[in-house]
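Tertiary structure, described
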Amino acid sequence: HPYYDEVRHRNDIALLKLDRALDLSSNDLAKICLPSAVATSEEYPIAGTSLLTAGWGTLYSNGPASPTLRQVTIQAVGAQTTYCQNIIKDPTVQLCAGIMPGGGKDSCQGDSGGPLMMFNSNKTWELVGVVSYGNYCALANYPGVYTRLTSYLEWINTTIPYTPTSPTTLTTTLPTTPPTQTTATKQTTTTVFDNSSSSIGINTSLFLSIILFLFKY
């Protein structure tokens, strides 16, 4: 983003133009929707909504990276709560998510740029956030902070113009029911708090470029 702020982590989002088309018939790829244009409320997703994040980040703060892709179910945390205010810099472009007040489930170092996903009322997966930063990983009273996708829909659409396709075409090939969550502890939780601008930029770019390709084509 041209106005990325590395101090406050505002505009922690990037786009990457691919040099070739993706093979959407591959079992290694799955579609996901951006939030709808009407989902622009500052509190979207609303507090308490179940969300899913995934990545190959460290298993705990400053620990080893996961050799396999891991996922964890967390919840949106209201911007006006003490938990979120403890860590968020700008709630108009960021959102908090975690398990409050106890912690124990989170994204961690190395997950930056990864997806924060919601299974919406239309029974499709929606990308609502991008892993940005946090206070270590999975600590009590400290949720993770994610870039709020609804705040960047206009920027995304003007940066990479696309022709909207039908809702049927955009239906995700991810599982059609919310995932079951295995027990996770601070030692086994996937977390994502890599404040390195290069790591955040590269991972975010790769993920969002795939999303935007799906909309454009």
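The written sequence of each chain sets the order in which its residues are numbered from 1. For this predicted model, a pLDDT threshold of at least 70 governs which residues receive local features, and a threshold of 80 or more governs which side-chain atom pairs are given and counted, while totals over whole chains, interfaces and linings are taken from all residues. The side-chain values count all of the structure's non-hydrogen atoms but skip hydrogen atoms and water molecules.

Labelled according to an unreviewed UniProt entry, the chain appears under the name Peptidase S1 domain-containing protein, originating from Adineta steineri.

What follows covers the state of the cysteines. Throughout, disulfides are identified as pairs of cysteine sulfur atoms within 2.5 Å of each other. A full pass over the atoms with the stated rule returns two disulfides. The residue that forms a disulfide with Cys 108 is Cys 137, at a sulfur-sulfur distance of 1.9 Å. With the S-S bond torsion at 85 degrees, the cross-link from Cys 108 to Cys 137 turns out right-handed. Taken together, the residues Cys 108 in the loop between β3 (94-98) and β4 (115-119) and Cys 137 in the loop between β5 (125-133) and β6 (144-148) connect sequence positions 29 residues apart. Both residues of the pair, Cys 108 and Cys 137, count as buried. Across the chain, the way the bonded cysteines pair up, counted in sequence order, is 1-2, 3-4. In this text, helices come from DSSP runs of H or I with a minimum length of four residues, and strands from runs of E with a minimum of two, each type numbered from the N-terminal end. Burial classes: relative accessible area under 20% of the type maximum marks a residue as buried, over 50% as exposed, and values in between as partly exposed (1.4 Å probe, protein chains only).

Here we come to the nonpolar core. One finds Ile 13, Leu 34, Met 117, Leu 127, Leu 149, Tyr 152 and Ile 156 to be the most contacted residues of the largest nonpolar core, which totals 14 residues. Of all the secondary-structure elements, those providing two or more residues to this core are β5 and α2 (153-159). Within the second largest apolar cluster, 12 residues are counted, among which are Tyr 44, Leu 51, Leu 116 and Tyr 146. We define the nonpolar core as a collection of buried residues of types Ala, Val, Leu, Ile, Met, Phe, Trp, Tyr and Cys that are connected through side-chain atoms lying within 4.5 Å of one another.

Attention now goes to the sheet that holds strand β1 (residues 50-55). By definition, two strands form a pair when at least two bridges between them are found by DSSP. Taken in spatial order, the six strands line up as β1-β2-β3-β6-β5-β4 and close into a barrel, and their pairing is antiparallel. The sheet shows a mean angle of 45 degrees between the axes of neighbouring strands, direction not considered. Note on method: axes are straight lines fitted to C-alpha atoms, helices fitted across the in-contact stretch only, with angles between N-to-C directions ranging 0 to 180 degrees.

It is worth spelling out the environment of His 1 at this point. Take His 1: it is sitting in the segment before β1. C-alpha separation for the pair His 1 and Ile 13, spaced 12 residues apart in sequence, amounts to 5.8 Å. Throughout, a contact is declared for two residues whenever any of their heavy atoms are within 4.5 Å. Each residue touching His 1, except ones within four places of it in the same chain, is listed here: Asn 11, Ile 13, Ala 14, Tyr 152 and Trp 155. Counting of polar contacts relies on pairs of N or O atoms within 3.5 Å, with two restrictions inside protein: one atom must be capable of donating a hydrogen and the other of accepting it, and residues adjacent in sequence are counted only when both atoms are side-chain atoms. Only 3.0 Å separates the side chain of His 1 from the backbone nitrogen of Tyr 3, close enough to count as a polar contact.

Before going further, it helps to spend a moment on the packing of aromatic side chains. Aromatic ring pairs are reported here in terms of the distance separating the ring centres and the angle at which the planes meet. Only rings of Phe, Tyr and Trp enter the pairing, Trp through its six-membered ring, and a pair is recorded when the two centres are within 6.5 Å. The plane angle decides the type: under 30 degrees is stacked, over 60 is edge-to-face, the rest tilted. With the rule as written, the count across this model stands at two aromatic pairs. Ring geometry for Tyr 152 and Trp 155: centres 6.4 Å apart, planes at 80 degrees, overall edge-to-face. Under the relative-accessibility criterion, Tyr 152 is labelled buried at 3%.

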